[in-house]
Amino acid sequence: MSRRKLTEDEIDLWKKVASQTERLSPASKSVSPYPAQPSAKTGKPREPQVSPLPDQFEIGSRARSKPVKHDLKPSLARSLASEPVQMDGKAFRRMKRGKLRPEGKLDLHGMRIDAAHPALTRFILSSQGAGKRLVLVITGKGKDRDEPGPMPVPRGVLRHKVPQWLSLPPLAQAVLQVTPAHVSHGGSGAYYVYLRRNR
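Structure report, in brief. (Residues numbered from 1 in each chain as written. Predicted model: local features only at pLDDT ≥ 70, side-chain atom pairs only at ≥ 80, totals over all residues. Heavy atoms only, no water.)

1. What about helix H1 (residues 8-19)?
Spacing of three or four residues puts side chains on the same side of an α-helix, whose turn is 3.6 residues.
Part 1: Across its twelve residues, H1 extends 17 Å between first and last C-alpha, which sits within 8% of the 16 Å expected from 1.5 Å per residue.
Part 2: With respect to burial, H1 is a largely exposed element, only zero of its twelve residues being buried. (Helix = DSSP H or I, 4+ residues; strand = E, 2+ residues; numbered from the N terminus. Expected span 1.5 Å × (residues − 1). Buried < 20%, exposed > 50% of the residue type's maximum accessible area, 1.4 Å probe, protein only.)

Now the structure itself:
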């Protein structure tokens, strides 16, 4: 592609601009774009202060570190596992391995929340009243929601609600430990609930 030639007017304009400018020598100091302010004492213009460049500069050396990613909501299993062990350590390890046999079982699988909550309350309090220590609560793993919406809905509503209910009155005073059940007793679709001694 060939360059277009300058017109006579453009050549005259360039000559006028070139005649009014001063040539800078390579050794000349850099000119500050800000005019020098006169000193209050002498009245003479002050030299602009230029901060010295560091001896060594690496790209990114002063960059801010990346922000910490927030884990907005830990998984249910992780939050239960992070709770301190309140019961006997040896019994807890046996329970986690499925070696302790539950003395009672409640199956909430398929129930609605309004029926499941009172059923759980009756079962836990009556089990404690009967002197039972380890019971099994089956919630099911839950179904995936068909309709995705703007708010994430956890899979298995009862699976998420039961640990919350067990940590609130009137059940909190009866419950010593809650943990997901061993595979032989339902795995992540069930909970071991270890009860306090009835006094």
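2. Some details on the side chain of Thr179
Part 1: Looking at the element boundaries, Thr179 is found in strand S3 (residues 175-180).
Part 2: On the basis of relative accessible area, Thr179 is assigned to the buried category, the value being 4%.

3. Observations regarding the nonpolar core
Part 1: Membership of the largest hydrophobic core comes to 22 residues, with the highest contact counts inside it found for Leu108, Leu120, Ile124, Val162, Leu166 and Val193.
Part 2: Among the secondary structure elements, those contributing two or more residues to this core are helix H2 (76-81), helix H4 (113-129), strand S2 (134-138), helix H5 (157-166), S3 and strand S4 (190-195).
Part 3: Of the residues forming this core, the biggest block, five residues, is contributed by H4.
Part 4: If near-sequence neighbours (up to four positions away) are discounted, Val162 is found in contact with Leu108, Leu120, Val137, Thr139 and Tyr191.
Part 5: Counting 13 residues, the second-largest nonpolar core is a separate cluster that includes Met87, Leu100, Leu134 and Ala190. (Core = buried A, V, L, I, M, F, W, Y, C linked by side-chain atoms within 4.5 Å. Contact = heavy atoms within 4.5 Å.)

4. Looking at the packing of H4 against H5
Part 1: Interaxial distance between H4 and H5 falls to 11 Å at its minimum, and their mutual angle equals 40°. The angle between H4 and H5 falls in the class oblique. Handedness of the crossing formed by H4 with H5: right-handed. Between H4, through Ile113, Ala116, His117, Leu120 and Ile124, and H5, the contact on the second element is made entirely by Val157, Leu158, Lys161, Val162, Trp165 and Leu166.
Part 2: Of the residues assigned to the contact of H4 with H5, the class counts are nine nonpolar, one polar and one charged. (Axes fitted to C-alpha atoms, helices over the stretch in contact; angles between N-to-C directions. Parallel < 35°, antiparallel > 145°, perpendicular 65-115°, else oblique. Left-handed = near helix turned anticlockwise from the far one by under 90°. Nonpolar A, V, L, I, M, F, W, Y, C, P; charged D, E, K, R; others polar.)

5. Considering unusual backbone geometry
Part 1: With omega at 5°, the peptide bond leading from Pro169 into Pro170 counts as cis.
Part 2: Tracing the chain through its elements places Pro170 in the loop between H5 and S3.

6. Considerations on the side chain of Arg133
Part 1: Relative to the assigned elements, Arg133 resides in the loop between H4 and S2.
Part 2: Lacking a salt bridge, the buried Arg133 has Glu103 as its closest oppositely charged neighbour, with an N-O distance of 6.5 Å.
Part 3: Setting aside its immediate chain neighbours within four residues, Arg133 contacts Glu103, Leu176, Val193, Tyr194, Leu195, Arg196 and Arg197. (Lys, Arg positive; Asp, Glu negative; His and termini not counted. Salt bridge = Lys/Arg side-chain N within 4 Å of Asp/Glu carboxyl O.)

Function cannot be inferred from these measures alone, as they are strictly geometric.
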